Amino acid sequence: MPDGPSIAEHGLIGDLRTCALVGTDGTIDWFCAPRFDSPSVFGAILDTERGGSWQLSMACESSRTHQFYFPDTAALVTRFLTDDGVIEVHDFMPVAAATEEHRQRLVRRVVAVRGATTVRMALDARPDYGRERFELTLGDRAVDFRADRMAMRLTSSAELQADDGVVTAELTLKKGETADFVLEVLDPDDPASATGDDVATLFDDTTEYWRTWLAQSRYEGRWREMVERSAITLKLLTHEPSGAVIAAPTSSLPEDIGGERNWDYRYVWMRDAGFSLYALLRLGFNAEANAFIEWLSKRLGRGEREQDGLGPLRVLYDIDGNEPSPEMELDHLRGYAGSAPVRVGNAAVDQLQLDIYGDLIDSVYLFDKYGAGISHDAWTDVVVVIDWLVDNWERDDAGMWEVRDTPQPYTTSRLMCWVALERAIRIARRRGLPADLVTWTATRDDIYHRIMDKSWNADLQAFTQVEGGERLDAGVLLMPMVKFISPADPRFLSTLQAIERELVTDSLVFRYDPATDGLDGDEGTFSLCTFWYVEALTRVGRHRDAQLALEKMFTYANHVGLYAEQVSATGDQVGNFPQAFTHLSLISAAINLDRAMG
């Protein structure tokens, strides 16, 4: 068991540059600064002793907590119910207006709601994943933090003390009184740039920003609260200066407690691209869609990896669109609940994953259809990608689940290669753009027949994980979603039945049998696949079953509507948290079921 709050017992705050996790006990135990992919400053979720944290707690012996968001915002409230009174902690990160220079601040406002309660604050910042300590300089209700490559300043309305690198405060608040703590990340070359803040104004501006942003949403369906919380979460995982959308803000939160399935997700996966664009465009967030497609377009034209056999695109990129740092293990951190190793960087960047081309070209197709339209230069880059795919689609690869074992002929890789060609053909025909349509169409048809002939197992009456295989893969639920096959086709209907028998448990869906992927340990049901299952049920006309599965899945969200990557056998959230792909698939499942139910 973890020493602090479980993965699910956290809320998320952020400033569109980075995020922080706030536990239900009032502790910020994950915060990387100044960006999502920067080393952590608070990393206690991975090691309570060495990682660093920012604690707010009550001095009394007994207290209960509740946590919720201010409606329609990313400002978080943690309420402490004690024998002495009620205290609220309001946590948020101000978001700069487009015309302002961004200042990165973690703001914690403590409010006495009832009674008189003594509050304790302890800030133990550990930069570089806990491998360094700050030098502290104590001033008048302020502390300066300096390390080799980082500077911060804590300002407070309370008296502060510093001892052995830890800043503390203790204060008693009566009903109506407040205390403010503002931690600002500074330019290490100009740390004197910090200025005072009016916390009340910062809070009002921040909540107004989020409510104004969310008002753009076009969704008015049955599950508005869950969809809008997912939209806010997706926005929180967006790096506004670049337009990139990361997979998750955390690293090495385990898929299997005590196991080795611990990965760094603070990067941009090509696989997320099409789903991101679909969700943003369907909800009406066109500015975010435009920014992300611009980011993707820059990746299309580079082709720097083609010479090493991995194709013109990488599986994942850092926020700037570059190759992430090599994967490494941080041996000094014990890991969440002892789940080692703790990894930073992601070796999947060196894998061949052919399905990413379908995801990418599908996003271009969606943008060309619903957005401003593809440019000449971007189309030229698409042609290069498709021409490469024509020559390489038959190769074995690591598959969409990034299996760290021998490459195989994965069905979902073939499927998404078909998507890439089919969408490129659609764009060319609709826009009259130049393309070798004869070759493209012939290749598309070859892939179709290859899947139907070699990935179909007549004995199982199902499409299998690999060509000629006998195991199932929930990824094939995408087939009708990407228009490869009719949802009424007997082959898909029997595949769906087979998946329900083998991979579905009480509406939750395993992605495949984990015993086949070359790693030790088990994993939970994959929340993304559960929402794909909801969509599949919707498309085959089983609307009541889809609604029941969706409602059940909503019960696995945490207390503020967030999802990690997976759900364990005991119903706990496991894996990196929160995961963009899960929230994207929730949005898609809800929108399509709403539309089908009328």
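Residues numbered from 1 in each chain as written. Predicted model: local features only at pLDDT ≥ 70, side-chain atom pairs only at ≥ 80, totals over all residues. Heavy atoms only, no water.

Under an unreviewed UniProt entry, the name given to the protein is Glycosyl hydrolase, glucoamylase, and the organism recorded is Mycolicibacterium aurum.

Some details on the overall build of the protein
Across its full length, the protein holds 14 helices and 28 strands. For a compact globule of 598 residues, the expected C-alpha radius of gyration is about 25 Å, and the protein comes in at 24 Å, within 12% of that figure. Across its three principal axes, the protein shows a C-alpha extent of roughly 75 × 45 × 45 Å. The burial tally for the protein puts 62% of its 598 residues in the buried class. For the protein, contacts bridging at least 24 residues in sequence account for 66% of all contacts bridging at least 6. Counting only carbon and sulfur atoms, one obtains 45% of the accessible surface of the protein, whose full area is about 22300 Å². Across the protein, the mean location of the 59 positive side-chain charges is 5 Å away from that of the 96 negative side-chain charges. (Helix = DSSP H or I, 4+ residues; strand = E, 2+ residues; numbered from the N terminus. Rg over C-alpha atoms; globule rule 2.2 N^0.38 Å. Buried < 20%, exposed > 50% of the residue type's maximum accessible area, 1.4 Å probe, protein only. Contact = heavy atoms within 4.5 Å. Areas by Shrake-Rupley, 256 points an atom, 1.4 Å probe, with all protein chains shown as cover. Lys, Arg positive; Asp, Glu negative; His and termini not counted. Charge placed at Lys NZ, Arg CZ, Asp CG, Glu CD.)

A closer look at empty space enclosed by the protein
Counted under the stated rule, the structure contains one cavity of 30 Å³ or more. The calculated volume of the largest cavity comes to roughly 340 Å³. Contributing to the lining of the largest cavity are 24 residues, with Y265, W401, E402, R511 and E565 lying nearest its centre. Tallied by class, residues from the lining of the largest cavity come to 13 nonpolar, two polar and nine charged. (1 Å grid on protein atoms, 1.4 Å probe; cavity = no way out; pocket = protein on both sides within 12 Å on 5 of 7 lines; lining within 4 Å. Points joined across faces, edges and corners; volume = space filled by probe spheres on them. Nonpolar A, V, L, I, M, F, W, Y, C, P; charged D, E, K, R; others polar.)

A few points about the domain arrangement of the protein
When cut into domains, the protein gives domain 1 (7–189) and domain 2 (214–597). Each of domain 1 and domain 2 has a C-alpha centre, and these two points are 34 Å apart. Taken together, the contacts link 35 residues of domain 1 with 43 residues of domain 2. Taken together, both faces of the contact between domain 1 and domain 2 bury some 3200 Å²; the carbon and sulfur share is 66%. Applying the counting rule to domain 1 against domain 2 returns two salt bridges. (Domains from an automatic or database assignment. Buried area = accessible area lost by both parts, 1.4 Å probe. Salt bridge = Lys/Arg side-chain N within 4 Å of Asp/Glu carboxyl O.)

Some points on the packing of aromatic side chains
Taken as a whole and assessed by the stated rule, the structure comprises 22 aromatic pairs. When the centroid spacing of 4.9 Å and the interplanar angle of 65 degrees are considered together, the rings of F275 and F581 count as edge-to-face. In this pair, F275 sits in helix α4 (residues 271–283) while F581 sits in helix α14 (residues 580–597), placing the two residues 306 residues apart along the sequence. Given the relative accessible area of 18%, F275 is considered buried. Taken together, the aromatic side chains of F275, W401, F526, W532 and F581 make up a single cluster linked through ring pairs. R229 extends its terminal NZ or CZ atom over the ring of Y69, reaching a point 3.9 Å from the ring centre. Looking at R299, its charged tip hangs above the ring of Y317, at a distance of 5.9 Å from the centre. (Phe/Tyr/Trp six-rings, centres within 6.5 Å; stacked < 30°, edge-to-face > 60°. Lys NZ or Arg CZ within 6 Å of the ring centre and 35° of its normal.)

Overview of the pattern of salt bridges
For the structure shown, the criterion picks out 42 salt bridges. Put simply, E288 and K235 hold a salt bridge, and the shortest N to O gap is 2.7 Å. With E288 in helix α5 (residues 286–300) and K235 in helix α3 (residues 224–236), the pair connects residues that are 53 residues apart, well separated along the chain. The residues E288 and K235 share a single accessibility class, namely buried.

Comments concerning the nonpolar core
Core analysis: the largest hydrophobic core is formed by 192 residues, its most contacted members being F181 and W532. Element by element, the count of residues in this core is highest for helix α8 (residues 411–431), at eleven residues. Looking at which domains feed residues into this core, each of domain 1 (7–189) and domain 2 (214–597) supplies at least three. For W532, the contacting residues outside a window of four places in its chain are F275, M400, W401, A474, G475, L477, L478, M481, F581 and S585. (Core = buried A, V, L, I, M, F, W, Y, C linked by side-chain atoms within 4.5 Å.)

What to know about the side chain of E132
If you trace the backbone, E132 turns up in the loop between α1 (127–130) and β10 (135–138). Filtering out sequence-adjacent residues up to four positions away, E132 remains in contact with R126, P127, A147, D148 and R149.

Side note on helix α6 (residues 355–370)
Taking 1.5 Å per residue, 16 residues should reach 22 Å; α6 reaches 23 Å between its end C-alpha atoms and fits that length. With 14 of 16 residues buried, α6 lies mostly within the body of the structure. (Expected span 1.5 Å × (residues − 1).)

Brief notes about α14
Counted at 1.5 Å a residue, the expected span for α14 with its 18 residues is 26 Å, and the 26 Å between its end C-alpha atoms agrees. With 15 of 18 residues buried, α14 is to be regarded as a mostly interior element. A positive backbone phi angle near 75 degrees is found at G598, which sits one or two residues after α14.

Brief notes about the packing of helix α12 (residues 527–539) against α14
Remark: α12 packs on α14, axes separated minimally by 8 Å, with the N-to-C direction vectors making an angle of 15 degrees. When the interaxial angle is binned, α12 and α14 end up roughly parallel. Once α12 is placed against α14, the crossing between them reads as left-handed. Across the interface between the two elements, S527, L528, F531, W532, V534, E535, T538 and R539 of α12 pack against F581, T582, S585, L586, S588, A589, N592, L593 and A596 of α14. Taken together, the residues of the contact of α12 with α14 break down into nine nonpolar, six polar and two charged. (Axes fitted to C-alpha atoms, helices over the stretch in contact; angles between N-to-C directions. Parallel < 35°, antiparallel > 145°, perpendicular 65-115°, else oblique. Left-handed = near helix turned anticlockwise from the far one by under 90°.)

Focus on the pairing of strand β15 (residues 178–186)
For β15, the buried fraction is high: eight of the nine residues fall into the buried class. In terms of strand pairing, strand β9 (residues 104–124) meets β15 through eight bridges, oriented antiparallel. When the sheet's bridge partners are listed, V111 is paired in β15 with T178. Strand direction decides the pairing type here: strand β12 (residues 150–156) and β15, joined by six bridges, are antiparallel. Bridge assignment links R153 to a residue of β15, and that residue is E184. (Pairing = 2+ DSSP bridges.)

Some points on the environment of D362
Along the chain, D362 turns up in helix α6. C-alpha separation for the pair D362 and E135, spaced 227 residues apart in sequence, amounts to 50 Å. Sequence-distant contacts of D362, defined by excluding residues within four places in its chain, comprise V419 and R423.

Regarding the sheet that holds strand β26 (residues 525–526)
Two pairing modes exist for strands in a sheet, parallel and antiparallel, and in both the strands are linked by backbone hydrogen bonds. Ordered by their spatial adjacency, three strands build an open sheet running β26-β27-β28, and the pairing between neighbours is antiparallel. Strand pairing shows two members of the sheet lacking a second neighbour, β26 and β28 (573–574), which therefore form its edges. The pairing of strand β27 (residues 566–567) with β28 spans two bridges and is antiparallel. Residue pairing in the sheet places V567 in a bridge with Q573 of β28.

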